[in-house]
Amino acid sequence: LKLQFLYLIALTPDHSHTMKAALMLLALAGGAAAKDLAPTPPMGWMNWVIFRCNVDCASSNTTCINEDLFKVHTDALVSDGYLAAGYDTIHIDDCWMERTPPRDAEGKLSWDKARFPSGMPALGAYMHAKGVKFGTYTAESPTTCAGYPASSDHEDIDAKTFASWGVDYLKVDGCGPVAYYEKGYPAMGAALENSGRDIVYSCSWPAYLGDDETTKTECYESMIAHGCHLWRNWADIQCYWNSLHGIIEHYGKYGEYLQQFAGPGHWNDMDMLLVGNTCINEDEARSNMAIWSIMASPLIMGNDLRLVPDAHKAILLNKEAIAVDQDALGKAGKRVSGDASTGQVWARTVSGGQAVALHNPTHDALDVTLDFSAVGLSGAVNVRCIWEQTDLGSFTGSFKATVPAHGAAFLKLTQ
């Protein structure tokens, strides 16, 4: 297929349209292989939202980026029921690398020896022994966003290094000249494919291409063609409501356009879940979980698992909410109606019916009405509350819920 791709381009002097067709041909083949690695949106835990790049282990040993932090969270993922619920990967974000020298005598990246004394292969083995997958981080730039050594022009050796450590998932950030990404992300995709290990590939290229998702079509097609299993579309989430709200509104605006790129093996990533942190309240946590699930976004927690409030833990472990996100049809949803100042209806086709979130972005409680015809249903409709995991009854024409400020009702509709 790759030979066909090159042949098609060579045939046409002005081959922009042929390039697009060939990329889509490659994307179809790449997507078929990718389904085996990420048939549903990835789930797990990542350190960045709360722990950032805290490398001062002398004064904050329990919250700094070291091997103990990831062992503790591996243990909590298992003991607190998250692994059993589907959160199966521990992700090490930025700042794990040795800075001096930036690469060893063989040209390989290495880990900070003081903070990771056992080494990355041993840490990965610790996770694997618990039934947890091992995720790590690099960037398509000379250095990471925090200034640590990264992978531009070193894709082959880095992919083989990560594979030798037992890495199962690789997040690849940007952090450098955007012009390099068109070369770098495909190069890393090819390197991972040839690394000898199945590694889920998370790309960040489109997050550096501005706000308008409709201008990123060729980027999305290229990422699918070159093996990206998921990608960050837009801005980083921060631990407060306005950031969460801004991301919800962005995907409300562009969700319908982005649907075409999402499916088994390739997912739009809205960034980490804030659920589990006190920077958002329980209602805001429900909105986070519900809308991420409607959009078929990865569910990667960004919290301290030792400090998750019980109400937030119940949201994270809600089996019916997770089932929406992980639905085998792999059809991403969208915002059907509403805007930043009104009640909103979000919907997704799932096995056996429709999943719907009635979201209230305003600062006061609000009655939000769902017209069943807006989600393609007519006649009597059975409504189930996903949060309470109870049937609410059969309704005809519409359903109305009073939704608290910043909150979301989460429903399953069947007939």
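Going by the structure above, here's the rest.
Asker: Break down the pattern of salt bridges for me, with residues and values.
Answerer: Scanning all chains against the criterion turns up 20 salt bridges. In this structure, the salt-bridge partner of Arg115 is Asp112, at a minimum N-O distance of 3.5 Å. Each of the salt bridges in this network shares a partner with another, and the network as a whole consists of Arg232, Asp236 and Asp271.

Asker: Let's hear about the sheet that holds strand 10 (residues 344-350): which residues, and what values?
Answerer: If you trace the 6 strands from one edge of the open sheet to the other, you get 9-10-11-16-13-14, paired in antiparallel fashion. Every other strand in the sheet has two partners, leaving strand 9 (334-337) and strand 14 (390-396) as the edge strands with one partner each. Within this sheet the neighbouring strands show an average axis-to-axis angle of 30°, counted without direction. Two strands pair when backbone bridges link them, and strand 9 and strand 10 are joined in this way by 3 bridges, in the antiparallel orientation.

Asker: Help me get a handle on the state of the cysteines, residues and values and all.
Answerer: Disulfide: a covalent bond connecting the sulfur atoms of a pair of cysteines. This model, assessed by the stated rule, comprises 5 disulfides. With a sulfur-sulfur separation of 1.9 Å, Cys53 is cross-linked through a disulfide to Cys95. Its torsion about the S-S bond being -120°, the disulfide of Cys53 and Cys95 is classed as left-handed. One end of the pair, Cys53, is in the loop between helix 3 (48-51) and helix 4 (67-79); the other, Cys95, is in the loop between strand 2 (89-91) and helix 6 (120-129), with 42 residues separating them in the sequence. Taking the relative accessible area as the measure of exposure, Cys95 reaches 0% and is therefore buried. Two residues, Cys203 and Cys228, share a disulfide whose sulfurs are 2.0 Å apart. Every disulfide takes its handedness from the sign of the S-S torsion; for Cys203 and Cys228 that torsion is -85°, giving left-handed.

Asker: Would you mind going over the packing of aromatic side chains in detail, with residue names and values included?
Answerer: All chains considered together, the criterion is met by 16 aromatic pairs. Relative to Phe261, the ring of Tyr257 has its centre 5.7 Å away and its plane inclined at 65°; by these criteria the two rings are edge-to-face. The class for Tyr257 is partly exposed, based on a relative accessible area of 22%. Aromatic ring contacts, followed pair by pair, group Trp45, Phe51, Phe70 and Phe116 into a single cluster. One Lys or Arg, Arg99, reaches over the ring of Tyr148 and ends 3.8 Å from the middle of that ring.

Asker: Account for the nonpolar core, naming residues and giving values.
Answerer: Counting 102 residues, the largest nonpolar core has Phe70, Tyr87, Trp96 and Trp292 as the members making the most contacts within it. Looking at this core element by element, the count peaks at 7 residues for helix 10 (residues 241-258). Leave out the neighbours within four places in its chain, and Trp96 touches Leu109, Ser110, Trp111, Asp112, Arg115, Phe116, Met120, Thr136, Tyr137, Phe162 and Trp165. By size, the runner-up hydrophobic cluster in this structure holds 17 residues, among which are Ala347, Leu358, Phe372 and Val403.

Asker: I'd like to hear about the side chain of Glu67, residue by residue, with values.
Answerer: Relative to the elements of secondary structure, Glu67 occurs in helix 4. Among all residues touching Glu67, those that are not within four sequence positions of it are Arg115, Phe116, Pro117, Ser118, Gly119 and Leu123.

Asker: Outline the pairing of strand 3 (residues 133-139), listing residues and values.
Answerer: Of all 7 residues that make up strand 3, 6 are buried, and the element is covered over most of its length. By the bridge criterion, 3 bridges tie strand 2 to strand 3 in an arrangement that is parallel. Note that in strand 3 the partner of Ile90 across the bridge is Phe134. In this fold, strand 2 hands off to helix 6, which returns the chain to strand 3; that crossover is right-handed.

The rules behind these values
Residues numbered from 1 in each chain as written. Predicted model: local features only at pLDDT ≥ 70, side-chain atom pairs only at ≥ 80, totals over all residues. Heavy atoms only, no water. Salt bridge = Lys/Arg side-chain N within 4 Å of Asp/Glu carboxyl O. Pairing = 2+ DSSP bridges. Helix = DSSP H or I, 4+ residues; strand = E, 2+ residues; numbered from the N terminus. Axes fitted to C-alpha atoms, helices over the stretch in contact; angles between N-to-C directions. Disulfide = S-S within 2.5 Å. Buried < 20%, exposed > 50% of the residue type's maximum accessible area, 1.4 Å probe, protein only. Phe/Tyr/Trp six-rings, centres within 6.5 Å; stacked < 30°, edge-to-face > 60°. Lys NZ or Arg CZ within 6 Å of the ring centre and 35° of its normal. Core = buried A, V, L, I, M, F, W, Y, C linked by side-chain atoms within 4.5 Å. Contact = heavy atoms within 4.5 Å. Right-handed = clockwise from strand over helix to strand, strands pointing away.

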